[in-house]
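Structural description and commentary
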Amino acid sequence: EKKTADVTYWRELTPIEQTIDLKGMVADYDGGKARMTAVVLSIRDDLIKQSVVEMRSLGGVEVHTLALTPPAKAYSRVRKEIDKLFNVGREQERTDLTRQKDAKTGSGFTIWEVKKKGDWDAFLARISDLVISRLISEISTRAINFFVSRGLLDRDDDEIISELRAALEDQSTKTFEDIANQATNSAIGSGRTAELEERSDDIEVYEYSAILDNGTCDVCDDADGKQSTDVSDLPDAPNPDCEGGSRCRCFVIGIGKEESA
């Protein structure tokens, strides 16, 4: 175990990792998760209100047909945060390359003008869509199950409805935090990858790092430290096969040509 700048790592840092602002990266992930969680929980609360209203209009036999719709501006709110996090990832990669150059020569890596999202727009839209879809699915399932379980106890429908909101609001927020966490890590990771693609002419080799995952799973541990001249040869980061699911904070490092010489 290695502790540097108030951040504890599960192994010694590699020379290239020592040039990266890992403490700043952790702050980026944690801050992004906090902001995204706030958005997700706000939308969750809107969906809870909607589920109560819809349940009142359904007869007992129709409960399973509960259909919720995204609250007004829900998608735009999620997408706004996703775009911010994507740009955070791009800035991370630009900073990494700059610090590499500074460490070797004392002169910073050229900071080019930020490129447009381009082909990543569809991917970011997909992340946003999935966040909304998972929220609707989660609340719908919880509401239906609650109503049905109370109905089987021969409870009065109005009584069940009055308890529904309180029950949904009191349930654990862990699932919703996981949704926010996965969206955050995916958006930041895609931003880093986009920046690597833009600067491929200046990168000699790519390295997979699991240094930020203190509870590294076997899948990510196996990939940790692998290098390739083609970023597509490395696992995606965050790793879709990670046993920690939404908690994966693996990332890919672009090593500049001067630094790998």
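Look a little higher up for the structure.
Counting from 1, residues in each chain are numbered in the order their sequence is written. Local features in this predicted model are restricted to residues of pLDDT 70 or higher, and side-chain atom pairs are both shown and tallied only at a pLDDT of 80 or more, whereas totals for entire chains, interfaces and linings draw on every residue. Side-chain numbers come from the whole structure's heavy atoms, not from hydrogens or water.

Some words on the pattern of salt bridges
Each salt bridge in this description consists of a side-chain nitrogen of Lys or Arg and a carboxyl oxygen of Asp or Glu lying within 4 Å of one another. Applying the stated criterion across every chain, the model contains 16 salt bridges. Linking Glu 81 and Arg 35 is a salt bridge whose minimum nitrogen-to-oxygen distance equals 3.6 Å. Placement of Glu 81 in helix H2 (residues 74–105) and of Arg 35 in helix H1 (residues 22–57) is noted, with a sequence separation of 46 residues between them. Burial classes follow relative accessibility: with a 1.4 Å probe on protein chains only, a residue under 20% of its type's maximum area counts as buried, one over 50% as exposed, and anything between as partly exposed. Using a relative accessible area of 10% as the deciding quantity, one classes Glu 81 as buried. Under the relative-accessibility criterion, Arg 35 is labelled partly exposed at 37%. Two residues, Arg 199 and Glu 195, come together in a salt bridge whose shortest N-O distance is 2.5 Å. Note on accessibility: Arg 199 and Glu 195 belong to one class, buried. Because the salt bridges share partners, they merge into one network encompassing Arg 90, Glu 91, Arg 94, Glu 195 and Arg 199. Only DSSP runs of H or I reaching four residues or more are called helices, and only runs of E reaching two or more are called strands; each is numbered from the N terminus.

Description of the nonpolar core
Counting residues in each nonpolar core, the largest one holds 55 residues, and the members touching the most others are Leu 22, Ile 43, Met 55, Ile 82, Leu 135, Leu 212 and Phe 251. Those elements that place two or more of their residues in this core are H1, H2, helix H3 (121–151), helix H4 (157–170), helix H5 (174–198) and strand S5 (251–256). Of the residues forming this core, the biggest block, 12 residues, is contributed by H1. Aside from chain neighbours lying at most four places away, what touches Leu 22 is Tyr 9, Leu 13, Glu 17, Ile 211, Leu 212 and Phe 251. Counting 14 residues, the second-largest nonpolar core is a separate cluster that includes Ala 210, Cys 217, Leu 234 and Cys 250. Nonpolar cores are built from buried Ala, Val, Leu, Ile, Met, Phe, Trp, Tyr and Cys residues. Side-chain atoms within 4.5 Å join them into one set. Note on contacts: a residue pair qualifies if any of its non-hydrogen atoms lie within 4.5 Å across the two residues.

Here's the deal with the packing of H3 against H4
For any two helices packed against each other, the geometry comes down to the angle between their axes and how far apart the axes lie. Two elements in contact, H3 and H4, have axes separated by 10 Å at closest approach and are oriented at 140 degrees. With respect to each other, H3 and H4 are oriented oblique. At the point where H3 passes H4, the crossing takes the right-handed sense. Across the interface between the two elements, Arg 142, Ala 143, Phe 146, Phe 147, Arg 150 and Gly 151 from H3 touch Asp 157, Ile 160, Ile 161, Glu 163, Leu 164, Ala 167 and Leu 168 from H4. Taken together, the residues of the contact of H3 with H4 break down into 8 nonpolar, 1 polar and 4 charged. Axis lines are fitted through C-alpha atoms, for helices just across the contact stretch, and the angle between N-to-C directions can take any value from 0 to 180 degrees. When an angle is under 35 degrees it counts as roughly parallel; over 145 it counts as roughly antiparallel; between 65 and 115 it counts as roughly perpendicular; any other value is oblique. By definition, any crossing whose near helix is turned counterclockwise from its far helix by less than a right angle is left-handed, and any crossing with a clockwise turn is right-handed. Classes in brief: Ala, Val, Leu, Ile, Met, Phe, Trp, Tyr, Cys and Pro nonpolar; Asp, Glu, Lys and Arg charged; the others, Gly included, polar.

Quick notes on the pairing of strand S3 (residues 203–209)
Extensive coverage of S3 is indicated by the burial of 6 of its 7 residues. Strand pairing follows a simple DSSP-based rule, namely that at least 2 bridges must link the two strands. As judged from the 2 bridges shared by S3 and strand S4 (residues 227–228), these two strands associate in the antiparallel manner. Bridge assignment links Glu 207 to a residue of S4, and that residue is Gln 227.

Comments concerning a negative patch on the surface
What goes into a patch is any residue over 30% in relative accessible area without a salt bridge, connected to like charges within 9 Å or, for nonpolar side chains (Val, Leu, Ile, Met, Phe, Trp, Tyr), within 5 Å. Every accessible area reported is derived by Shrake-Rupley at a probe size of 1.4 Å, with residue values counting cover from the shown protein chains alone. The charge count includes Lys and Arg as positive and Asp and Glu as negative, but it does not include His or the ends of the chains. Charge positions are represented by NZ for Lys, CZ for Arg, CG for Asp and CD for Glu. Taken together, the side chains of Asp 218, Asp 221, Asp 222 and Glu 243 define an acidic patch exposed on the protein surface. Mapped onto the elements, Glu 243 comes out in the loop between S4 and S5.

Focus on the packing of aromatic side chains
By convention, a stacked pair of Phe, Tyr or Trp rings (six-membered ring in the case of Trp) has centres within 6.5 Å and planes under 30 degrees apart, an edge-to-face pair has planes over 60 apart, and any other such pair is tilted. Enumeration over the complete set of coordinates arrives at 2 aromatic pairs. Each ring, one from Phe 86 and one from Trp 120, has its centre 6.2 Å from the other, and the planes form 45 degrees; the classification is tilted. Of this pair, Phe 86 sits in helix H2 while Trp 120 sits in the loop between H2 and H3; the two residues are 34 residues apart in sequence, bridging distant segments of the chain. Given a relative accessible area of 0%, Phe 86 falls into the buried group. Both rings, one in Trp 120 and one in Phe 123, keep their centres 5.6 Å apart while their planes meet at 90 degrees; by these two values the pair is edge-to-face. In this structure an aromatic cluster arises from ring pairing among Phe 86, Trp 120 and Phe 123. One cation-aromatic arrangement involves Arg 44 over Phe 176; the distance from NZ or CZ to the ring centre is 5.6 Å. A ring is considered to have a charge above it if a Lys NZ or an Arg CZ atom is located within 6 Å of its centre and within 35 degrees of its normal.

Some thoughts on the side chain of Thr 19
When you line up the elements, Thr 19 lands in the loop between strand S2 (7–9) and H1. Polar contacts, as used here, are pairs of N or O atoms within 3.5 Å; protein pairs need one atom able to donate a hydrogen and one able to accept it. Residues neighboring in sequence count only if both atoms are side-chain atoms. Polar contacts involving the side chain of Thr 19 include one to the main-chain carbonyl oxygen of Ile 16, which spans 2.7 Å.

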